[in-house]
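# Structural characterization, general
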Amino acid sequence: MTLYPQLIIDALKTVRYPGTGKNIVEMGMVEDDLRIAGMHVSFSLLFDKPTNPFLKSLVKASEAAIHAYVSKDVEVEIKTKVAPHSAPEGATAPQSSTSKEAPSGAVGGASIIAVSSGKGGVGKSTVAANLAIGLARLGHRVGLLDCDIFGPSMPKMFQVENERPYSEEINGKAMIVPIEKYGVKMLSIGFFVDPDTPTLWRGGMASNALKQLIGETAWGDLDYFILDTPPGTSDIHLTLVQTLPITGAVIVSTPQQVALADARKGINMYTNEKVGVPILGLVENMSWFTPAELPDNRYYIFGREGVKALAEEMNVPLLAQIPLVQSVCESGDSGEPAVLHPETPTGNAFLQLAARVVTETDRRNANQAATQVVKTH
């Protein structure tokens with residue numbers, strides 16, 4: 001088989017940049033240094049910044065496209081470059097290694113807490129944001145990673161949608177510096193994509209981007225590393241347990257039966273013998289509705305104490321019951337999570353949740369062996 005440049009370019013036109021719908025050739029990301037020697041092909045991909053979360057994913061996708069549309073026998077060598085005008089001062093472009101896993105010690109000796117839910121719409125991200133800030137208000141060093149690649153919400157909840165993380169060279173490697181607010185170091189894929197454009201890409205690309213956010217970020221010394229995971233069970237959850245030794249999981253659900261059924265699946269996913277992540281406890285969100293004009297009234301519109309009953313059934317702690325009040329939604333949309341106002345019933349409930357998580361984490365660490373990263377076979 002004879003290779004020629006247009007054959008390679010046509011294959012690369014099938015690789016689309018996540019969130020834009022455009023292919024990498026159309027976007028000018030394929031440098032003009034394409035070289036062909038027999039069945040060996042080499043070229044460079046140009047990125048806007050060394051911290052681009054899709055760097056590794058696009059390198060892998062480009063190699064796969066050539067193997068799929070040209071030949072599996074092609075030896076592909078892809079280098080990465082950073083546009084000089086976009087590179088932060090002092091930053092070094094990442095090398096072209098595409099198979100290196102994110103280091104499991106990326107967050108040092110922190111207790112790693114996965115906030116999870118069986119289904120969407122139960123307020124999991126609200127709980128994760130308030131838990132992280134609550135832990136910080138209790139004096140702990142906290143990191144928060146928005147792991148929902150397809151529906152990131154933390155930038156809005158922290159009112160930092162216009163922030164753009166930069167990179168610093170640390171020990172000869174360009175590392176992402178997380179955004180810090182309310183005493184929490186926070187990072188989200190939402191900082192790197194157009195919020196109005198859907199992210200249309202396969203699970204492998206999402207997983208690789210997540211690994212980069214974990215392993216190539218300067219989290220520093222943390223006491224707690226909170227993972228706001230996507231709803232359900234997916235590739236993202238598998239990536240997390242294969243990348244990080246998760247200390248424990250906090251499961252969020254509403255009291256209604258359909259949510260409880262999915263919460264059981266979430267519990268079983270973590271406690272599966274192949275995963276082995278302990279459940280720190282359950283959080284019942286939207287436990288009851290209290291109107292502002294009738295602060296002493298409780299209306300159980302989603303059922304009553306369903307999560308409490310599930311916690312007793314599964315023999316795990318009920319960490320908190322969070323009431324549904326209009327201010328919770330408003331505080332999330334305005335970028336001021338409820339826990340910042342502990343004088344309110346909801347703010348106090350979230351602060352008490354943070355304190356309870358500390359207690360349960362200490363108990364877990366004292367009585368159980370450290371969680372092991374799930375090995376990939």
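Note that the coordinates shown come from a computational prediction; the quantities given were computed from them, not determined experimentally. (Residues numbered from 1 in each chain as written. Predicted model: local features only at pLDDT ≥ 70, side-chain atom pairs only at ≥ 80, totals over all residues. Heavy atoms only, no water.)

### Considering helix α1 (residues 5–12)
Along an α-helix, residues three or four positions apart point the same way, because every turn accommodates 3.6 residues. Listed as buried for α1 are Leu 7, Ile 8, Ile 9, Ala 11 and Leu 12. Contact partners of the buried residues in α1: β1 (35–37), β2 (40–47) and α2 (55–69). (Buried < 20%, exposed > 50% of the residue type's maximum accessible area, 1.4 Å probe, protein only. Helix = DSSP H or I, 4+ residues; strand = E, 2+ residues; numbered from the N terminus. Contact = heavy atoms within 4.5 Å.)

### With respect to the sheet that holds strand β3 (residues 75–82)
Sheet architecture is open: three strands sit in the order β1-β2-β3, paired in mixed fashion. Either end of the sheet is taken by a strand with one partner, and the two such strands are β1 and β3. Strand-to-strand twist in this sheet, taken as the mean axis angle between neighbours without regard to direction, amounts to 20°. Pairing between β1 and β2: three bridges, direction antiparallel. Bridging from a neighbouring strand, Ile 36 pairs with Val 41 of β2. The sheet strands contacting α2 are β2 and β3, and the helix crosses β3 at an angle near 150°. (Pairing = 2+ DSSP bridges. Axes fitted to C-alpha atoms, helices over the stretch in contact; angles between N-to-C directions.)

### Quick look at the sheet that holds strand β11 (residues 248–253)
With mixed pairing, the eight strands of this open sheet are ordered in space as β8-β9-β5-β10-β4-β11-β12-β13. Each of the sheet's edge strands pairs with one partner strand only, and the pair in question is β8 (179–181) and β13 (318–324). Adjacent strand axes in the sheet meet at a mean angle of 25° when their direction is disregarded. Bridging between β8 and strand β9 (residues 184–188) involves three bridges; their strand directions are antiparallel. When the bridges of β9 are listed, Glu 180 appears paired with Lys 185. Relative to the sheet, helix α3 (residues 124–137) contacts β4 (111–116), β5 (142–146), β9, β10 (224–228), β11 and β12 (279–289), its axis offset from that of β10 by approximately 170°.

### Comments concerning the pairing of β11
With respect to burial, β11 is a largely interior element, six of its six residues being buried. Side-chain alternation along β11 places Gly 248, Val 250 and Val 252 on one buried face and Ala 249, Ile 251 and Ser 253 on a second face that is also buried. Sheet analysis places β4 next to β11, joined by four bridges and oriented parallel. In the strand pairing of β11, Ile 113 is matched with Gly 248. Alignment of β11 against β12, held across five bridges, turns out to be parallel. When the sheet's bridge partners are listed, Ile 251 is paired in β12 with Leu 282.

### Observations regarding the packing of helix α7 (residues 257–271) against helix α8 (residues 306–314)
Between α7 and α8, the least distance of the axes is 11 Å, while the angle of their chain directions is 35°. Here α7 and α8 pass one another in a crossing that is right-handed. For the pair α7 and α8, the contacting residues are Leu 260, Ala 263, Arg 264, Ile 267 and Asn 268 in the first and Gly 306, Val 307, Leu 310, Glu 313 and Met 314 in the second. In terms of residue class, the contact of α7 with α8 is made up of six nonpolar, two polar and two charged. (Left-handed = near helix turned anticlockwise from the far one by under 90°. Nonpolar A, V, L, I, M, F, W, Y, C, P; charged D, E, K, R; others polar.)

### Some words on the environment of Cys 147
Here Cys 147 is to be found in the loop between β5 and α4 (154–157). Sequence spacing of Cys 147 and Leu 227 is 80 residues, and the spatial spacing of their C-alpha atoms is 6.4 Å. Ignoring any residue separated from it by four or fewer positions in sequence, one finds Cys 147 in contact with Leu 210, Leu 227, Asp 228, Thr 229, Pro 230, Ile 236 and Leu 240.

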